[in-house]
Amino acid sequence: MIVFFLIAVPVGLAAQSRRVRTGRAGMIGEKGVAVTDLRPGGRVYVHGEYWNAVSDEEVASGAAIEVESVAGLTLKVKLV
């Protein structure tokens, strides 16, 4: 039993400190590419998928972007 807990407890603690990888929280901070110009809306390619996106600044097609937030199926992005 002691050997089990000596292995299981550190593994469990490490899992608790990892970054979220799924859902809305997992999208924040992801990097991608603008597929169309964002003036203020357009399309981006992030995490292997095409998304509708908006930005506070004008983003040219092909520019590197980063996800700030997720609202429904629309991402709010900024230039990297």
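Just so you know, the residues in each chain are numbered from 1, in the order the chain's sequence is written. Given that the model is predicted, a residue must reach a pLDDT of at least 70 before its local features are reported, and side-chain atom pairs must reach 80 or more before they are shown or counted; all residues, however, enter totals for whole chains, interfaces and linings. As a convention, hydrogens and water are excluded, and side-chain values are obtained from all of the structure's heavy atoms.

## A few points about the environment of Val77
Logical step 1: Structurally, the position occupied by Val77 is in strand β5 (residues 74–79).
Logical step 2: Through-space distance from the C-alpha of Val77 to that of Gly12 is 33 Å; in sequence the pair is 65 residues apart.
Logical step 3: With residues up to four places along the chain from it excluded, the contact list for Val77 reads Leu38, Ala53, Val54, Ser55, Asp56, Ile65, Glu66, Val67 and Glu68. In this text, helices come from DSSP runs of H or I with a minimum length of four residues, and strands from runs of E with a minimum of two, each type numbered from the N-terminal end. Residues count as neighbours in contact if any of their non-hydrogen atoms are within 4.5 Å of one another.

## Examining the pairing of strand β2 (residues 41–46)
Within a regular beta strand, the side chains point alternately toward one face of the sheet and then the other, so they alternate between its two faces.
Logical step 1: The side-chain alternation of β2 yields one buried face, formed by Gly42, Val44 and Val46, and one unburied face, formed by Gly41, Arg43 and Tyr45.
Logical step 2: Direction of pairing for strand β1 (residues 31–34) relative to β2: antiparallel, over a ladder of three bridges. Looking at the pairing, Val33 lines up with Tyr45 of β2.
Logical step 3: Strand pairing is assigned whenever DSSP identifies at least 2 bridges connecting the two strands. Count of turn residues in the β1/β2 antiparallel hairpin: six residues.
Logical step 4: Pairing of β2 with strand β3 (residues 49–55), which is carried by six bridges, proceeds in the antiparallel orientation. Note that in β3 the partner of Val46 across the bridge is Glu49. Relative accessibility under 20% of the residue-type maximum defines a buried residue, over 50% an exposed one, and the middle range a partly exposed one, all with a 1.4 Å probe and only protein chains included.

## Description of the packing of aromatic side chains
Logical step 1: Stacked, edge-to-face and tilted are the three classes for Phe, Tyr and Trp ring pairs, Trp counted by its six-membered ring, which pair at centre distances within 6.5 Å; planes under 30 degrees apart are stacked, over 60 edge-to-face, the rest tilted. As enumerated under the stated definition, the model contains two aromatic pairs in all.
Logical step 2: When the ring of Phe4 is compared with that of Phe5, the centres are 5.1 Å apart and the planes differ by 75°; the resulting orientation is edge-to-face.
Logical step 3: With a relative accessible area of 52%, Phe4 lands in the exposed category.
Logical step 4: Judged by relative accessible area, Phe5 falls into the partly exposed class, the value being 45%.
Logical step 5: Both rings, one in Tyr45 and one in Tyr50, keep their centres 4.8 Å apart while their planes meet at 55°; by these two values the pair is tilted.
Logical step 6: By relative accessible area, which is 36% here, Tyr45 ends up partly exposed.
Logical step 7: Assessed through its relative accessible area of 52%, Tyr50 is described here as exposed.

Any link to function would need more than the numbers given here.
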